[in-house]
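Listed below are the residues making up each chain.
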Amino acid sequence: IGRLRRPRLAHNVAIYTWDSKKNTLQFEGDLMQMLHMNMKQWQSKIHTYIWWSPKHKKFFFGTDAGTNRSETIVEHPYGYFGGFWCWFDPAAHLMGTFGLNGMHRSVKGCVYSEVSGLMMGATDPQEHFITCDVNTGELNDYGRFNGKYQSRVLFADKWGNGYSVDIFGELIKFDWKKK
């Protein structure tokens, strides 16, 4: 999965797969087209890690349009709609979305736990802690946990719990069993 700039397209995130047996790179499609999005739902990048799930045989990630672009509306006439939780199935060559993370908020960080089946992330702006259950598609927003900056610390333990850092640099834990 990568980024490609094509001047004739207003959107520019392309999906590729690499066949290691054939030593070939295959263009799967444009993110906006694969997700059947219109220009008001414009996405310009994948700003999270891209997680592979052996259980689901899919990749999971979150999308973003870039804070500066959304705030200044320099590059897009509609402003910024918001980031999506997404999946990509390389065997079927299909992509889909679990839904919108929240109006006008990007998914800036993402960690996936195979144990809990949750993608856990942070938003920008507003720094909310968000989750997406990949088994049910349930989306949750647990509110603001950081007020000044988007935390770059986000990880999961072997039990499926999520962790990040708050505004004071203190470690916070999300216990998925108590969600």
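Look up a bit, the structure's there.
The paragraphs below set out a description of the structure included in this document. Not measured: the values here are computed from a predicted model. Sequence order as written defines residue numbering, which begins from 1 separately in each chain. Local features in a predicted model are, by the rule used here, given only for residues with pLDDT of at least 70; side-chain atom pairs are given and counted only at 80 or more, and totals for whole chains, interfaces and linings are based on all residues. Only hydrogens and water are set aside when side-chain values are computed; all heavy atoms of the structure are taken into account.

Residues Val153, Phe155 and Leu171 make up a contiguous nonpolar surface patch of roughly 260 Å² in combined accessible area. We count a stretch as a helix when DSSP gives it H or I for four or more residues in a row; a strand needs E for two or more, and each element gets its number in order from the N terminus. Along the chain, Leu171 falls in strand E15 (residues 171–174). Accessibility here uses a 1.4 Å probe with only protein chains present; expressed as a share of the type maximum, an area under 20% marks a residue as buried, one over 50% as exposed, and anything in between as partly exposed. Residue classification places Leu171 among the exposed positions, given a relative accessible area of 54%. Each patch is built from residues lacking any salt bridge and having more than 30% relative accessible area; the joining distance is 9 Å for like charges and 5 Å for nonpolar side chains (Val, Leu, Ile, Met, Phe, Trp, Tyr). Working definition of accessibility: Shrake-Rupley area with a 1.4 Å probe, residue cover restricted to the visible protein chains. By salt bridge we mean one thing: a side-chain nitrogen of Lys or Arg within 4 Å of a carboxyl oxygen of Asp or Glu.

The next thing to look at is the side chain of Thr131. Topologically, Thr131 is positioned in strand E11 (residues 128–133). Judged by relative accessible area, which is 1%, Thr131 ranks as buried. Contacts are residue-level and defined by heavy atoms, with any inter-residue pair within 4.5 Å sufficient. Residues in contact with Thr131, not counting those within four places in the same chain, are Trp85, Leu118, Met119, Met120, Glu138, Leu139, Asn140, Tyr142 and Phe174.

Moving on to the nonpolar core. Only buried residues count toward a nonpolar core. Its members are Ala, Val, Leu, Ile, Met, Phe, Trp, Tyr and Cys residues joined through side-chain atoms within 4.5 Å. Core analysis: the largest hydrophobic core is formed by 12 residues, namely Val13, Ile15, Leu31, Met32, Met34, Leu35, Met37, Phe61, Phe84, Cys86, Phe88 and Met95. For this core, the secondary-structure elements that each account for two or more residues are strand E2 (13–19), helix H1 (31–34) and strand E7 (84–89). One finds Trp85, Val107, Met119 and Cys132 within the second-largest nonpolar core, a separate group that totals 11 residues.

In this section: the environment of Val134. By the secondary structure assignment, Val134 is in the loop between E11 and strand E12 (139–144). When the C-alpha atoms of Val134 and Ser116 are compared, they prove to be 9.3 Å apart, with 18 residues separating the residues in sequence. The contacts of Val134, once residues within four sequence positions are left out, are His56, Phe60, Phe98, Tyr112, Gly117 and Met119.

Within 6.5 Å between ring centres, the rings of Phe, Tyr and Trp (the latter by its six-membered ring) count as paired, and their orientation is classed by plane angle as stacked under 30 degrees, edge-to-face over 60, tilted in between. All chains considered together, the criterion is met by nine aromatic pairs. A centroid spacing of 4.8 Å and a plane angle of 55° characterise the contact between Trp52 and Phe59, whose relative ring orientation is tilted. For Phe59, a relative accessible area of 24% translates into the label partly exposed. Pairing Phe155 with Tyr163 gives two aromatic rings, centres 5.0 Å apart and planes at 10°, and the pair type is stacked. By relative accessible area, Phe155 is classed as partly exposed at 35%.

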